[in-house]
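Residues per chain, in single letters:
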Amino acid sequence: MTKTNDKKQEYLQIVFLLLPTLILAKLGDLFATEMIYRILFAGIFGGVGGALGYLVYSRVQKKGMVTIVVAGALLGGASFSALVWKARTQMPLTCEVCGYKTIKKGDESCAYCGANTWAFEQGRDDYDNKAEWLRYEQLNCFVLDSANQVFDFYSPDRAEGFKKDMDWKPSISQQDLVDDYKAIDLDPIE
Ligand SMILES: [Zn+2]
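What counts and what doesn't
Residues numbered from 1 in each chain as written. Predicted model: local features only at pLDDT ≥ 70, side-chain atom pairs only at ≥ 80, totals over all residues. Helix = DSSP H or I, 4+ residues; strand = E, 2+ residues; numbered from the N terminus. Rg over C-alpha atoms; globule rule 2.2 N^0.38 Å. Buried ≥ 20, exposed ≤ 12 C-beta atoms within 10 Å, placed from the backbone. Contact = placed C-beta atoms within 7 Å. Core = buried A, V, L, I, M, F, W, Y, C linked by C-beta atoms within 7 Å. Domains from an automatic or database assignment. Expected span 1.5 Å × (residues − 1).

*Asks:* It is not clear to me how the overall build of the protein chain should be interpreted in this structure. Could you clarify?
*Replies:* Each helix and strand counted, the protein chain has seven helices and four strands in total. Ordering the α and β elements of the protein chain from the N terminus gives α-α-α-α-β-β-α-α-β-β-α. For 190 residues, the compact-globule estimate of 2.2 N^0.38 gives 16 Å, and the C-alpha radius of gyration of the protein chain, at 26 Å, exceeds that figure by more than 25%. Expressed as lengths along the three principal axes of its C-alpha atoms, the size of the protein chain is roughly 90 × 35 × 25 Å. Looking at the protein chain residue by residue over its 190 residues, the buried ones come to 18%. The long-range fraction of contacts in the protein chain, counting pairs at least 24 apart against all pairs at least 6 apart in sequence, stands at 55%.

Shown next, in the form of structure tokens:
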């Protein structure tokens, strides 16, 4: 084999390894929203993609076939990325109040906690600002069973078919819940 041929084989190897690795790594986006899991999934799927690419490369050495396979991979990759992107944009957004992924395009309230979205509340004058809305709705949503209960804002991680967004953070604290519990206890609502 000549030197130019060697170089060509090298480039081909890179293409066959890189293309499927990059394409399949995109899969990670679909399976997880938290950055750390996306990286993990991207690593796993990317690895599988690379292995598959190498397998195809080691079998396809004929000139014409190489072009067909590379073109096919590019085309497949483009359509696959478009599908992943579409699926991701259609995924429900996180409810800022309860942290579950419930808000679909056009929704005015959360299907889990029932709180109106801030986008919806902005058109009304029930709250002076977003912080006030969030605090009120979260105190409404998260209620202690007893004054010394240690509250887990992330549990359960799935409820009524909705998934908790682990990147979401509550605006109220454990102490706020305790204070609220005591206030309600002193002044019970019938
Ligand atoms: Zn909610």
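*Asks:* How should I be thinking about the nonpolar core in this particular structure?
*Replies:* Most often, soluble globular proteins keep nonpolar side chains buried together rather than apart. Counting residues in hydrophobic clusters, the biggest one holds nine residues: Phe16, Leu19, Ile23, Leu24, Ala25, Ala42, Phe45, Val69 and Ala73. Elements represented by at least two residues in this core include exactly α1 (3–25), α3 (35–59) and α4 (63–89). Take this core: its biggest share by element is five residues, from α1. Those residues in contact with Leu24, other than ones at most four positions away along the chain, are Phe45, Gly46, Val48 and Gly49.

*Asks:* Just checking my understanding: could you explain the environment of Leu12 for this structure?
*Replies:* Within the secondary structure layout, Leu12 lies in helix α1. Note on Leu12: 16 C-beta atoms within 10 Å, which makes it partly exposed. For the pair Leu12 and Val66, spaced 54 residues apart in the sequence, the C-alpha separation amounts to 8.4 Å. With residues up to four places along the chain from it excluded, the contact list for Leu12 reads Tyr57 and Val66.

*Asks:* I'm lost on the domain arrangement of the protein chain in this one. Help?
*Replies:* Looking at the protein chain, the domain boundaries give domain 1 (3–89) and domain 2 (93–186). On a C-alpha basis, the centres of domain 1 and domain 2 stand 41 Å from each other.

*Asks:* What is the right way to look at unusual backbone geometry in this model?
*Replies:* With glycine set apart, most residues show a phi of negative sign, and most peptide bonds adopt trans. Pro156 follows Ser155 through a cis peptide bond whose omega is -5 degrees. Tracing the sequence through the fold places Pro156 in the loop between α6 (130–141) and β3 (158–159).

*Asks:* Looking at this structure, how should I read the environment of Leu24?
*Replies:* Positionally, Leu24 belongs in helix α1. Separated by 21 residues in sequence, Leu24 and Phe45 have C-alpha atoms that sit 5.3 Å apart.

*Asks:* Just checking my understanding: could you explain α3 for this structure?
*Replies:* Each α-helix turn comprises 3.6 residues. Residues three or four places apart therefore point the same way. For α3, with 25 residues, the first-to-last C-alpha span of 36 Å sits near the 36 Å given by 1.5 Å per residue. Of the positions making up α3, those classed as buried are Ala42, Phe45, Gly46, Gly49 and Gly53.

*Asks:* When you look at the environment of Arg124 in this model, what are you seeing that I'm missing?
*Replies:* Among the secondary structure elements, Arg124 is positioned in the loop between α5 (118–121) and α6. Arg124 sits 59 residues away from Met65 along the chain, and the two C-alpha atoms are 63 Å apart.

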